[in-house]
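Here's the letter readout for the chains.
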Amino acid sequence: MNYFKLLSIILGVVLSAYYYLDTYVLPTLYIFDPEVVHGIVKDSLAMVPPGNTTALFYEINTRLRNVYGDNVNPYNTDDWMFNNAGNAMGSMFIQHASISEYLIFFGTAIGTEGHTGVHPANDYFFILKGEQWVHDLGDPDPIIYKPGDLHILERGSVQQYSMPTTCFALELAQGWIPAMLPFGLADTLFSTLDLGTFARTAYFTGKAMIESALRGKF
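Residues numbered from 1 in each chain as written. Predicted model: local features only at pLDDT ≥ 70, side-chain atom pairs only at ≥ 80, totals over all residues. Heavy atoms only, no water.

Engineer: Explanation requested: the nonpolar core in the structure shown.
Structural biologist: For soluble globular proteins, nonpolar side chains are generally found buried alongside one another. With 23 residues, the main nonpolar core has Ile94, Tyr102 and Phe106 as its most contacted residues. Among the secondary structure elements, those contributing two or more residues to this core are strand E2 (88–97), strand E3 (101–108), strand E5 (121–129), strand E9 (160–163), strand E10 (167–175) and helix H5 (195–214). Discounting residues that sit within four places of it in the chain, Tyr102 has contacts with His96, Ala97, Asp123, Glu171, Leu172, Ala173, Ile177 and Met180. (Core = buried A, V, L, I, M, F, W, Y, C linked by side-chain atoms within 4.5 Å. Buried < 20%, exposed > 50% of the residue type's maximum accessible area, 1.4 Å probe, protein only. Helix = DSSP H or I, 4+ residues; strand = E, 2+ residues; numbered from the N terminus. Contact = heavy atoms within 4.5 Å.)

This is how it looks when you write it as structure tokens:
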């Protein structure tokens, strides 16, 4: 058997396994329902007076925990961390992380702009405060998302996005999360060299994934 034929067989097996896992296994691992999460966001926005963003974080987190229990980490103000990815800078708080999903608060107090990245996951971006502007290739006008709106970035898609001023969101990603980590860490490793942020990100992400695995949630 020549090497080309052997490589073709191996590649065929790998692609078949990926298709099976991606189509039939991965969706069964998801905990969060985007429609339910969107309802929680809209109900929380209606409950909390505008401008009290910290209270909004607590309200959303409490409602999420009422529905999803210990699969959502309790909110606190100490475990935020900076994040640099796709030339954009913001901060995030991890509420859940596993190999198939993550749920975070993400945003910036002063605005940012960058590349969404190309991901093997669907990304649901629920706007909580401010505006997110999105540029689709070939469209000369921005798509503008406001509090209560949902921006969906489908797997494999790419956009330019901006948070022109203060903007925060609840972000849910569902798919192959480990494959997204290089995008989330590359700017830190090869540009900012902020090793403290890298350590915090690795610690809180690893901690959340291990806790999910111990609960049998992958």
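That shown, we press on.
Engineer: I'm lost on helix H3 (residues 53–68) in this one. Help?
Structural biologist: Count 3.6 residues to each turn of an α-helix, and residues three or four apart come out pointing the same way. The end-to-end C-alpha distance of H3, which contains 16 residues, comes to 22 Å, matching closely the 22 Å that a straight helix rising 1.5 Å per residue would cover. Among the residues making up H3, those that are buried are Thr53, Leu56, Phe57, Ile60, Asn61, Leu64 and Tyr68. Down the axis of H3, the buried set is contained in an arc of 125°. They therefore lie on one face. Looking at the packing, one finds that the buried side of H3 touches helix H2 (34–47), E2, E3, E5 and E10. (Expected span 1.5 Å × (residues − 1). Arc of directions from axis to C-beta.)

Engineer: Is there a simple way to think about the sheet that holds strand E4 (residues 112–115) in this case?
Structural biologist: Two pairing modes exist for strands in a sheet, parallel and antiparallel, and in both the strands are linked by backbone hydrogen bonds. The sheet built from four strands is open, its strands ordered E4-E9-E6-E7 with antiparallel pairing. Each having just a single partner strand, E4 and strand E7 (143–145) make up the two edges of the open sheet. For this sheet, the mean angle separating the axes of adjacent strands, direction not counted, is 20°. (Pairing = 2+ DSSP bridges. Axes fitted to C-alpha atoms, helices over the stretch in contact; angles between N-to-C directions.)

Engineer: What should I look at first to understand the pattern of salt bridges in this one?
Structural biologist: Should their charged atoms come close, side chains of opposite charge can pair. As enumerated under the stated definition, the model contains five salt bridges in all. The shortest N-O distance in the salt bridge between Asp70 and Arg65 comes to 3.8 Å. Residue class for Asp70 comes out exposed when judged on its relative accessible area of 52%. (Salt bridge = Lys/Arg side-chain N within 4 Å of Asp/Glu carboxyl O.)

Engineer: Would you take a moment to explain the sheet that holds E3 for this structure?
Structural biologist: Taken together, six strands build an open sheet; the order of strands is E1-E2-E3-E10-E5-E8 and the sheet is antiparallel. In this open sheet, the two edge strands, each paired with only one partner strand, are strand E1 (81–85) and strand E8 (150–153). If you compare each strand with its neighbour and ignore which way they point, the axes differ by 30° on average. Taken together, the five bridges between E1 and E2 define a ladder with antiparallel strand orientation. Bridged to Phe82 within E2 is Ser91.

Engineer: Any chance you could explain the packing of aromatic side chains here in plain terms?
Structural biologist: For any pair of aromatic rings, the description rests on two quantities: the centre-to-centre distance and the angle between the ring planes. Under the definition given, this model contains 13 aromatic pairs. Ring geometry for Phe57 against Phe168: centres 5.7 Å apart, planes inclined by 75°, an arrangement best described as edge-to-face. With a gap of 111 residues between them, Phe57 in helix H3 and Phe168 in strand E10 connect regions that are remote in the sequence. (Phe/Tyr/Trp six-rings, centres within 6.5 Å; stacked < 30°, edge-to-face > 60°.)

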